[in-house]
Amino acid sequence: MTGLHLTMGVACLSLCSVEGFSWRRDEKLTAAMADQEEIKKTKKQKSATIFGYPISIFFIVVNEFCERFSYYGMRAVLVLYFKYFLKWDDDFATTIYHTFVALCYLTPILGAIIADSWLGKFKTIVYLSIVYTLGQIVMAIGAIHDITDHNRDGTPDSMGFHVALSMVGLILIALGTGGIKPCVAAFGGDQFLDHQEKQRSTFFSIFYLSINAGSLLSTVITPILRAQECGIHTQQKCYPLAFGVPAALMVVALIVFIIGSRMYIKVPPQGNIMVKVCTCIGFAIKNRFRHRSTAYPKREHWMDWAEEKYDKLLIAQVKMVLKVLFLYIPLPMFWALFDQQGSRWTLQATTMNGDFGLLTIQPDQMQTVNPILILVLVPIMDSIIYPLIAKCNLNFTPLKRITVGMFLAALAFVAAALVQLQIDVTLPKFPSSTEFQVKYTNLLDQPVDVTDGVNKFNLQPYASKDYLTYDKQFSLDIGTNGTHLTAFDSKTRNTVIIFQGGKVPEPKWVRDLSAKPEQGANGVRFLNGYGSALNITSGSLGFGNIATNGISDYVLLPQGDAKILIRDDTGKECDYSLTLGFGSSYTVIMPSSFTFGANCKDSIKADVDISPNSIHMAWQIPQYFLMTSGEVVFSVTGLEFAYSQAPSNMKSVLQAGWLLTVAVGNIIVLIVAEAATLPDQWAEYILFASLLVLVCFIFSFMAYFYTYIDPTKIEAQFSQMEPEDKERKKSLDSPKRERKDSDAGKASETKM
């Protein structure tokens with residue numbers, strides 16, 4: 001996550017850069033110089049400082065902190081919102097999550113073009129922030145279940161309404177956050193005068209810190225807000241609050257940014273280099289297609305077909321860019337794995353134990369491991385690992401580092417697969433679509449023999465026989481009380497309760513949970529074998545008034561010690577506690593021997609229907625460590641490599657290409673999530689790891705044939721050639737002009 005922050009911090013500065021357009025046409029040069037003079041005058045007029053820094057940058061830093069809090073706070077709980085509120089399955093939730101992330105990394109290119117070619121950075125930030133804020137508000141409104149919960153059962157009656165609002169909100173957020181990404185950092189850089197280079201450098205460090213602070217705090221706070229319960233008629237997980245707080249922070253970000261309006265230096269739009277590069281490439285392709293006949297001599301490079309319209313310097317710069325962009329082709333596979341920290345890995349955490357002693361970690365809070373490790377590993381890599389490798393005389397080039405980063409990410413998914421295998425061992429085996437399961441509980445105070453047509457077993461008093469799996473109905477014999485025909489539904493879990501029905505034992509069956517309780521909650525119900533009705537409560541939650549031989553519905557209780565109060569009709573009370581983990585279910589049996597008093601809880605028996613999550617979330621730390629190590633080596637090195645190999649005025653093009661690899665990586669995830677038919681999650685992790693290892697080999701092969709260049713030297717060579725090239729063009733154009741003048745003169749004489 002934080003590596004992406006660094007990517008965005010650097011990319012934002014270069015995408016909206018307005019300097020270095022050395023290849024502009026001569027006729028625009030005078031106007032451009034006049035604009036620069038005007039900008040310098042404006043900067044002098046608005047150069048009010050505090051501690052040597054322009055006052056305006058403080059508004060920009062606060063704005064960025066709030067905006068990053070808003071974005072990462074919303075994104076932290078997004079996949080769980082899809083799964084538990086919108087009731088989507090894991091695959092579809094993952095697909096929509098990565099579609100959203102991909103859109104967020106496609107729209108920066110649009111934002112850069114709008115800012116540099118039309119509105120300017122300030123207006124682009126303001127207008128798209130309004131769109132962004134509206135999106136966050138729409139998301140918060142769409143998460144209010146009471147809006148369509150007409151029967152007040154806690155579940156929306158019109159899920160399509162909430163899905164529609166959520167999708168509209170996400171599209172607006174993607175347009176907003178992506179559109180302002182390339183503008184905010186560059187706009188901050190515009191606020192400094194030429195003699196404030198040191199302050200400008202410090203500003204970008206502070207700016208990067210504000211990004212990390214906002215994302216780290218939001219990833220901790222919003223899952224806590226989500227875990228609260230709120231609602232008008234029924235209490236549910238508080239997704240409106242989890243989305244509402246980021247929406248409020250986005251409103252604050254917008255207000256703070258607008259307050260500083262009069263203090264900002266606003267550089268007017270001066271054209272976007274990405275557009276010019278694309279038109280140059282387009283012309284070369286078009287011209288090459290027009291001259292595809294063998295009658296035309298071949299040229300050294302296909303970009304040379306743009307020479308008829310564009311300067312050789314520009315063409316040489318485009319060639320350098322294309323050379324690096326070619327190396328970008330395998331890179332999306334890394335991001336396909338990296339961004340699953342917020343989807344698949346978060347879903348994996350929902351089946352794990354988050355009890356860290358003093359802290360209880362929510363599944364979506366595990367994502368904070370990434371930014372924490374980033375802050376630790378970046379200085380370690382720069383200060384210890386890389387210097388140590390250099391002392392060993394190992395040629396650890398940037399492209400080799402990128403390869404190692406991808407390999408570490410693949411190892412992270414192998415680690416995730418190993419954890420998933422351990423989780424799968426602890427998960428109960430639920431019935432398939434052609435099966436059903438039955439558990440037997442003896443509520444009698446004496447043993448009883450049970451025959452289910454195939455199996456025969458003896459049940460002791462108040463004991464249970466664990467779930468047996470059947471693929472067809474059967475005849476049930478209890479003691480000597482004849483035969484009972486079953487009628488269980490497929491794909492269900494059931495409990496057969498044997499109780500005293502008059503003089504002989506009688507069976508009755510009830511439906512059990514056929515999946516683990518959602519969001520780490522615990523399902524608890526009470527089976528009353530006591531001689532009178534019991535009223536049972538846990539805090540504000542009630543199990544109801546349970547008649548003798550009756551059973552309550554499941555009530556979802558959170559992890560921890562559940563305090564339960566048991567009362568009878570005469571007002572007698574019993575305090576009972578049940579220690580709960582994550583994702584379990586229990587049937588608590590109140591035997592006929594139960595008595596109120598100091599030791600009332602001794603005779604109560606809690607029977608496990610579904611075991612709690614036993615694999616600890618700490619086992620995810622190794623996979624986060626490997627992924628973050630890969631991110632540090634891959635992402636930071638990738639940016640440095642792109643900068644070192646890019647022409648001075650085309651770094652923005654390579655940053656746009658870098659952001660595009662992130663978007664394509666997320667598209668790969670949604671394709672695999674929808675297309676792959678792997679039955680086990682661990683197999684999908686291995687599939688992604690294998691694909692990335694394959695990409696590592698392909699990238700290594702491509703990198704082996706790559707020759708490092710010095711763009712400055714190449715540009716200097718072409719700059720020296722440029723005057724000669726212009727003279728040659730003038731000499732070629734002069735006969736044409738003379739002919740045009742002659743033709744014009746003849747035409748004039750004819751008219752006269």
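On a predicted model such as this, the values are computed, not experimentally measured, just so you know.

Visitor: Can you lay out the overall build of the chain for me, pointing to particular residues and giving the numbers?
Guide: The number of helices and strands found in the chain is 19 helices and 20 strands. Looking at the 752 residues of the chain, the share that counts as buried comes to 51%. Here the analysis covers contacts within the chain between residues at least 6 apart in sequence; of these, 74% occur between residues at least 24 apart. Of the roughly 34,200 Å² that the chain leaves accessible, carbon and sulfur atoms contribute 61%.

Visitor: Outline the packing of helix α5 (residues 90-119) against helix α7 (residues 159-189), supporting the account with residue identities and numerical values.
Guide: Helix-helix packing is described using two parameters, namely the angle between the two axes and the distance between the axes. As a packed pair, α5 and α7 sit with axes 6 Å apart at the nearest point and diverge in direction by 45°. Of the possible angle classes, the one that applies to α5 and α7 is oblique. Crossing geometry of α5 relative to α7 is assigned as right-handed. On α7, the residues that touch Ile96, Phe100, Leu103, Cys104, Tyr105, Thr107, Pro108, Gly111, Ala112 and Ala115 of α5 are Met167, Leu170, Ile173, Ala174, Leu175, Thr177, Gly178, Gly179, Lys181, Pro182 and Cys183.

Visitor: Describe the pattern of salt bridges, naming the residues involved and giving the relevant values.
Guide: Considering all chains together, one arrives at 15 salt bridges under this definition. Across the pair Asp489 and Arg511 runs a salt bridge, and its minimum N-O distance is 2.8 Å. With Asp489 in the loop between β10 (483-485) and β11 (493-501) and Arg511 in strand β12 (residues 504-511), this pair connects stretches of sequence that are 22 residues apart. For the salt bridge of Arg525 with Asp609, the shortest nitrogen-to-oxygen distance reads 3.9 Å. Of the two residues, Arg525 is situated in strand β13 (residues 522-528) and Asp609 in strand β20 (residues 605-610); the sequence distance between them amounts to 84 residues. Under the relative-accessibility criterion, Asp609 is labelled buried at 7%.

Visitor: So what's going on with the pairing of β12? Residues and values would help.
Guide: Relative to β12, β11 runs antiparallel, the two sharing 8 bridges. Its bridge partner lying in β12, Gln500 is registered against Pro505. What sits between the antiparallel neighbours β11 and β12 is a turn of 2 residues, in which Gly502 has the positive phi angle 80°.

Visitor: Can you explain helix α4 (residues 78-85)? Please cite residues and give values.
Guide: Across the 8 residues of α4, 7 count as buried, placing the element largely inside the fold. When we look at burial in α4, the residues that qualify are Leu78, Val79, Leu80, Tyr81, Phe82, Tyr84 and Phe85. Just beyond α4, the residue with positive phi is Lys87, at close to 65°.

Visitor: Any chance you could break down α5 for me, citing the residues and the numbers?
Guide: Taking 1.5 Å as the rise per residue, α5 with 30 residues should run 44 Å; its terminal C-alpha atoms sit 41 Å apart, in good agreement. For α5, the N-terminal cap is Asp89; the gap from its side-chain oxygen to the backbone nitrogen of Asp91 is 3.2 Å. Two residues or fewer past α5, Gly120 is found with a positive phi of approximately 90°.

Visitor: Can you explain the state of the cysteines? Please cite residues and give values.
Guide: For the structure shown, the criterion picks out 2 disulfides. Residue Cys230 pairs covalently with Cys238 via a disulfide, S to S 2.0 Å. Since a negative S-S torsion denotes a left-handed disulfide, the Cys230-Cys238 link at about 100° is right-handed. Overall, Cys230 belongs to the partly exposed group, its relative accessible area being 22%. The connectivity of the disulfides in the chain is 1-2, 3-4, where the numbers refer to bonded cysteines in sequence order.

Visitor: Tell me about the sheet that holds strand β19 (residues 585-590), and name the residues and values.
Guide: Working definition: the strands of a sheet are paired by backbone hydrogen bonds and lie parallel or antiparallel to each other. Here we have 4 strands laid out as an open sheet, ordered β16-β13-β19-β20, and mixed in their pairing. Strands with a single pairing partner mark the edges of an open sheet, and in this sheet they are β16 (555-557) and β20. Within this sheet the neighbouring strands show an average axis-to-axis angle of 30°, counted without direction.

Visitor: Help me get a handle on unusual backbone geometry, residues and values and all.
Guide: Positive phi outside glycine occurs at Asn393, with the angle close to 60°. Inspection of the secondary structure puts Asn393 in the loop between α14 (369-391) and α15 (398-426). Positive phi, normally seen in glycine, also occurs at Lys491, with a value near 60°. Tracing the chain through its elements places Lys491 in the loop between β10 and β11.

Visitor: Break down the packing of α15 against helix α18 (residues 681-704) for me, citing the residues and quoting the values.
Guide: Where α15 meets α18, the axes come as close as 8 Å, and the angle between the chain directions of the two elements is 170°. When the axes of α15 and α18 are compared, the pair comes out roughly antiparallel.

Visitor: Can you tell me about a nonpolar patch on the surface, naming the residues and giving the values?
Guide: The grouping of Tyr127, Ile130, Leu134, Ile137, Ile141, Ile147, Phe161, Val251, Ile255 and Ile259 at the surface amounts to a nonpolar patch, some 830 Å² of accessible area in total. Secondary structure elements with two or more residues in the nonpolar patch: α6 (121-142) and α9 (239-259). Ranked by residue count, the leading element in the nonpolar patch is α6, at 5 residues. Its place among the elements puts Ile141 in helix α6. The exposure class of Ile141 is partly exposed, given its relative accessible area of 38%.

Visitor: Give a detailed account of the sheet that holds strand β17 (residues 560-568), specifying residues and quantitative values.
Guide: As summarised here, the arrangement of the 4 strands in space is β15-β14-β17-β18, forming an open sheet in which the pairing is antiparallel. Looking at the sheet topology across the chains shown, the edges are occupied by β15 (541-546) and β18 (573-580). Neighbour-to-neighbour, the strand axes of the sheet open up by a mean angle of 20°, direction not taken into account. Taken together, the 4 bridges between strand β14 (residues 534-538) and β17 define a ladder with antiparallel strand orientation. In the sheet register, Leu534 faces β17, and the bridge partner there is Asp568.

Visitor: Let's hear about the environment of His233: which residues, and what values?
Guide: For His233, the position within the fold is in the loop between β3 (229-230) and β4 (236-237). With relative accessibility at 39%, the residue His233 sits in the partly exposed group. For the pair His233 and His150, spaced 83 residues apart in sequence, the C-alpha to C-alpha distance is 9.6 Å. In contact with His233, other than residues within four places in its own chain, are Asp146 and Arg152. Among the polar contacts listed, one links the side chain of His233 to the side chain of Arg152, at a separation of 3.5 Å.

Thresholds, definitions, all that
- Residues numbered from 1 in each chain as written.
- Predicted model: local features only at pLDDT ≥ 70, side-chain atom pairs only at ≥ 80, totals over all residues.
- Heavy atoms only, no water.
- Helix = DSSP H or I, 4+ residues; strand = E, 2+ residues; numbered from the N terminus.
- Buried < 20%, exposed > 50% of the residue type's maximum accessible area, 1.4 Å probe, protein only.
- Contact = heavy atoms within 4.5 Å.
- Areas by Shrake-Rupley, 256 points an atom, 1.4 Å probe, with all protein chains shown as cover.
- Axes fitted to C-alpha atoms, helices over the stretch in contact; angles between N-to-C directions.
- Parallel < 35°, antiparallel > 145°, perpendicular 65-115°, else oblique.
- Left-handed = near helix turned anticlockwise from the far one by under 90°.
- Salt bridge = Lys/Arg side-chain N within 4 Å of Asp/Glu carboxyl O.
- Pairing = 2+ DSSP bridges.
- Expected span 1.5 Å × (residues − 1).
- Polar contact = N/O pair within 3.5 Å; in protein donor to acceptor, adjacent residues only side chain to side chain.
- Disulfide = S-S within 2.5 Å.
- Patch = residues over 30% accessible without salt bridge, like charges linked within 9 Å, V, L, I, M, F, W, Y side chains within 5 Å.

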